[in-house]
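# Tertiary structure, described
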Amino acid sequence: DFNSFVTRTNTCGELRSAHVGQEVTLYGWIQYQRQGLFLILRDFQGLTQIVIPQDEAHSHVKKLLSSAPVESVVRVTGTVSPRPPGQENPKMPTGDIEVKAETAEILNSSKKLPFEIKDFVKKSEALRMQYRYLDLRSFQLQHNLRLRSQVVMRMREFLCNLHGFVDVETPTLFKRTPGGAKEFLVPSREAGKFYSLPQSPQQFKQLLMVGGLDRYFQVARCYRDEGSRPDRQPEFTQIDIEMSFVDQAGIQGLVEGLLQYSWPEERGSITTPFPSMTYEEALADYGTDKPDTRFGMKIVDLSDLLGRWNIQFVQNALSYPHGAVRAICIPQGVRYLKNKDLQSLKESAKSQFNQEIVEIICRPDGSLKSLLTKFLGEKQQSELIQVLNMQVDDVVLLAAGEHKQVCSALGSLRLGSADLLEAAGLVLRDPAAFHFLWVVDFPLFLPKEENSTELESAHHPFTAPHPSDAHLLYSDPTKVRSQHYDLVLNGCEVGGGSIRIHSAELQRFVLEKVLKEDSEVLSHLLQALEFGAPPHGGIALGLDRLISLMVDAPSIRDVIAFPKSFRGRDLMGNAPDYVTPEELEPYHIQVSWPLEEKEAKQN
């Protein structure tokens, strides 16, 4: 009941023909006013047309409503009437009625706004951030935030009421965790000692399992100091889940049920169970560990076929360990892509992946146009066309080199060419389709980028090894698969989790011997695992990303009430901000200013 506890009788979005003859009191913002005859009143639920009285007896009401600036907040009392024949508005839910104003009050007059409160009016991102409280008045943001609230409520029902989960709040002030993303530091009054804002409640949820809570969840605020990363936020929300005595299939079944239960009706239904593929399959077929399976254009393995033919660059590539020849076929590429598009795709492969690309075009007569054709006879060209399933006007992009590099480059080109095809009018990805996918069997460790002889956790150091590979941990840790699983939706990672290490001995070995980390930082967790820790596992769903995909928002900032900018700044409140030396004194901190900033502050 939207009208409980308040002094209005109805919202601006609920009046219909059934209300004709009723006296109503509405509150809202003036969307626009026309020639002193009527105005449109808006609130969170919709719009209602208010007829401004023209008779002498109501002249003060006419004067009040005719002169009120747009976006002023008003109270209007009047009678619901049917609109005159021919003046109904079928595009408006309240379009069959209007309210004839009898009394009105301006509750707060508005200054001229920096932009119009209309979804179709283009506004710069910076302006929207600066005046976020005004941007929130738009129907799109109102819809997004209300849908988010409903989804979270349904998730709570499913987890707590149907499956006995306990909602536990975990600390925000903690200590530094080894590995993973950079953490925000918070100074304490003890000299040289800092708290850290957790990038997830990972350790706490594991400790709750040691404490016997059995099944935990939280709508958790998390923090990562990742700097300027597109479509990321320094603070974000995840649906955090942990269970005792569970395996990978149990967590996956829980999440599928949770999403099916909380999925909004307006977005159609989702089918469970979700399909699953291994990390190796995802990389080989899609060139990424988060494949968008709404469209084809899979990567095709040409190593065996081209390896039989005497093509020098192919032979060179295949002579190396993990050498591969792969390709993608762009449907109707000749028709939809310009030469400059193909050039830009090839240049991006070179600049991002150091990968050369050879293009092959299928001409109208069925012959191939490519640098490659001088090495191929008619029969070989025919075989190539067959393996790639090429049609007239298709364009193939071929790469030869190290397997992972080749697949990653082609995976990027697959997405880039899909964007170009859709920009040219070919629909490949249905925006109303939701393709969920589990990706499993990730490597447990990866070589560090800065030093390939050292290892780091592919996800985090608490992930358990795959039971079949546990023996390799002591002889060849690079070959160990993990019990980690990612949930992917339309090519975006929306969740990740794992079965955890519950043996103190194994956890200590991974930290000290494999990762070469100082286990003292995690002494509390290692000690807890020695006191009868149950087998446990869990997952975290990225709520912001999930909701943004649900509503097809261009950015996660469109589903967060007060997001930070691309550079992690709050443009509305101007945060972060300077503090005085006096305020820093209790924390034993002095700021060492770069010279140019020091001069700027002095000026």
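Computed from a predicted structure; not experimentally measured.

Within the protein chain, the regular secondary structure consists of 18 helices and 22 strands. Of all 603 residues assigned to the protein chain, the portion counted as buried reaches 47%. Taking all contacts inside the protein chain whose residues are at least 6 apart in sequence as the whole, residues at least 24 apart take part in 67%. As presented, the protein chain carries roughly 30800 Å² of accessible surface, and 51% of it is formed by carbon and sulfur atoms. Between the centroid of the 65 positive side chains of the protein chain and the centroid of its 78 negative side chains there is a distance of 4 Å.

In this structure the tally under the stated criterion is eleven aromatic pairs. Where Tyr131 meets Tyr133, the ring centres are 6.3 Å apart and the plane angle is 80 degrees; that geometry is what we call edge-to-face. Plain terms: the ring middles of Phe274 and Phe436 are 4.5 Å apart, the flat faces sit at 10 degrees to each other, and that makes the pair stacked. Residue Phe274 is located in the loop between α6 (248-262) and β11 (276-278), and its partner Phe436 is located in strand β17 (residues 436-440); the two are separated by 162 residues in the primary sequence.

The subject of this paragraph is the sheet that holds strand β21 (residues 492-499). Strand order in the open sheet formed by eight strands is β6-β9-β10-β22-β21-β20-β17-β11, with mixed pairing between adjacent strands. At either end of the open sheet lies a strand with only one pairing partner, and these are β6 (166-167) and β11. The sheet contact formed by β21 and strand β22 (residues 536-542) spans five bridges and is antiparallel. Bridge pairing in β22 links Ser498 to Gly538. Against the sheet, helix α5 (residues 202-210) makes contact with β9 (215-223), β10 (235-244) and β22, and its axis sits at roughly 25 degrees relative to β10, the strand it touches most. Its contacts with the sheet place helix α16 (residues 543-550) against β10, β20 (484-489), β21 and β22, and it is angled at close to 140 degrees to β21.

All right, on to helix α7 (residues 279-286) then. Along α7, the positions that sit buried rather than exposed are Tyr279, Ala282, Leu283 and Tyr286. All buried residues of α7 lie within an arc of 105 degrees about the axis, which places them on one face of the element. Along its buried surface, α7 packs onto β11, α13 (403-423) and β17. Where α7 ends, the next residue or the one after it, Gly287, has phi of about 70 degrees, a positive value.

For the rest of this paragraph, the subject is the sheet that holds strand β2 (residues 38-43). Read around the closed barrel, five strands run β1-β2-β3-β5-β4, paired in mixed fashion. Averaged over all pairs of adjacent strands, the angle between their axes in this sheet comes to 55 degrees, without regard to strand direction. Pairing geometry for strand β4 (residues 73-82) and strand β5 (residues 97-108), over ten bridges, is antiparallel. Along β5, the bridge assignment pairs Val76 with Ala104. On top of the sheet, helix α1 (residues 59-67) reaches β1 (23-34), β2 and β5; it is set at about 75 degrees to β5, its chief contact.

Turning next to the nonpolar core. Core analysis: the largest hydrophobic core is formed by 52 residues, its most contacted members being Ile241, Leu259, Phe436 and Leu487. With six residues, helix α4 (residues 139-162) is the largest single contributor of residues to this core. Sequence-distant contacts of Ile241, defined by excluding residues within four places in its chain, comprise Leu159, Phe165, Lys205, Tyr216, Phe217, Leu254, Leu258, Arg500, Gly538 and Ile539. Judged by nonpolar contacts, the second largest core, of 30 residues, contains Phe295, Leu428, Leu437 and Val488.

The interhelical angle for the contact between α4 and α16, taken along N-to-C directions, is 120 degrees, at an axis separation of 10 Å. Between α4 and α16, the angle falls in the class oblique. Relative to α16, α4 is oriented so that their crossing is right-handed. On α16, the residues touching Asn144, Leu147, Arg148, Val151, Val152 and Met155 of α4 are Leu543, Asp544, Leu546, Ile547 and Met550. Looking at the contact of α4 with α16, its residues break down into eight nonpolar, one polar and two charged.

Turning to the domain arrangement of the protein chain, a few remarks are in order. Structurally, the protein chain comprises domain 1 (17-108), domain 2 (142-277 + 435-558) and domain 3 (295-424). Distance between the C-alpha centres of domain 1 and domain 3: 62 Å.

All chains considered together, the criterion is met by zero disulfides. Cysteine Cys160 remains unbridged, with the sulfur of Cys222 as its closest cysteine sulfur at 17 Å. Here Cys329 is not cross-linked by a disulfide; its sulfur's nearest cysteine counterpart is in Cys362, at 8.4 Å.

Here the focus is the side chain of Asp393. Tracing the sequence through the fold places Asp393 in the loop between α12 (378-388) and β16 (395-402). It turns out Asp393 is buried and unbridged, and the closest side chain with the opposite charge, Arg335, is 4.2 Å from it.

The next point concerns the packing of helix α11 (residues 339-353) against α13. At a minimum axis separation of 10 Å, α11 and α13 run at an interaxial angle of 145 degrees. Pair α11 / α13 crosses with right-handed handedness. Where α11 abuts α13, its residues Asp341, Leu345, Ser348, Ala349, Gln352 and Phe353 lie against Gln405, Ser408, Ala409, Ser412, Leu413, Gly416, Ser417 and Leu420.

Moving on to the pairing of β16. With respect to burial, β16 is a largely interior element, seven of its eight residues being buried. Note that strand β13 (residues 323-330) and β16 share eight bridges and pair antiparallel. Residue Ala327 lies in a different strand from β16, and its bridge partner there is Leu398. Pairing of strand β14 (residues 358-362) with β16 involves four bridges; the strand directions are antiparallel. What sits directly across from Ile360, in β16, is Val396.

Once that is clear, we can look at the side chain of Ser303. Within the secondary structure, Ser303 sits in helix α8 (residues 303-307). A distance of 3.5 Å separates polar atoms of two side chains, one belonging to Ser303 and the other to Arg326. If we skip the residues at most four places from it in the chain, Ser303 touches Leu318, Ala324, Val325 and Arg326.

Procedures and definitions
Residues numbered from 1 in each chain as written. Predicted model: local features only at pLDDT ≥ 70, side-chain atom pairs only at ≥ 80, totals over all residues. Heavy atoms only, no water. Helix = DSSP H or I, 4+ residues; strand = E, 2+ residues; numbered from the N terminus. Buried < 20%, exposed > 50% of the residue type's maximum accessible area, 1.4 Å probe, protein only. Contact = heavy atoms within 4.5 Å. Areas by Shrake-Rupley, 256 points an atom, 1.4 Å probe, with all protein chains shown as cover. Lys, Arg positive; Asp, Glu negative; His and termini not counted. Charge placed at Lys NZ, Arg CZ, Asp CG, Glu CD. Phe/Tyr/Trp six-rings, centres within 6.5 Å; stacked < 30°, edge-to-face > 60°. Pairing = 2+ DSSP bridges. Axes fitted to C-alpha atoms, helices over the stretch in contact; angles between N-to-C directions. Arc of directions from axis to C-beta. Core = buried A, V, L, I, M, F, W, Y, C linked by side-chain atoms within 4.5 Å. Parallel < 35°, antiparallel > 145°, perpendicular 65-115°, else oblique. Left-handed = near helix turned anticlockwise from the far one by under 90°. Nonpolar A, V, L, I, M, F, W, Y, C, P; charged D, E, K, R; others polar. Domains from an automatic or database assignment. Disulfide = S-S within 2.5 Å. Salt bridge = Lys/Arg side-chain N within 4 Å of Asp/Glu carboxyl O. Polar contact = N/O pair within 3.5 Å; in protein donor to acceptor, adjacent residues only side chain to side chain.

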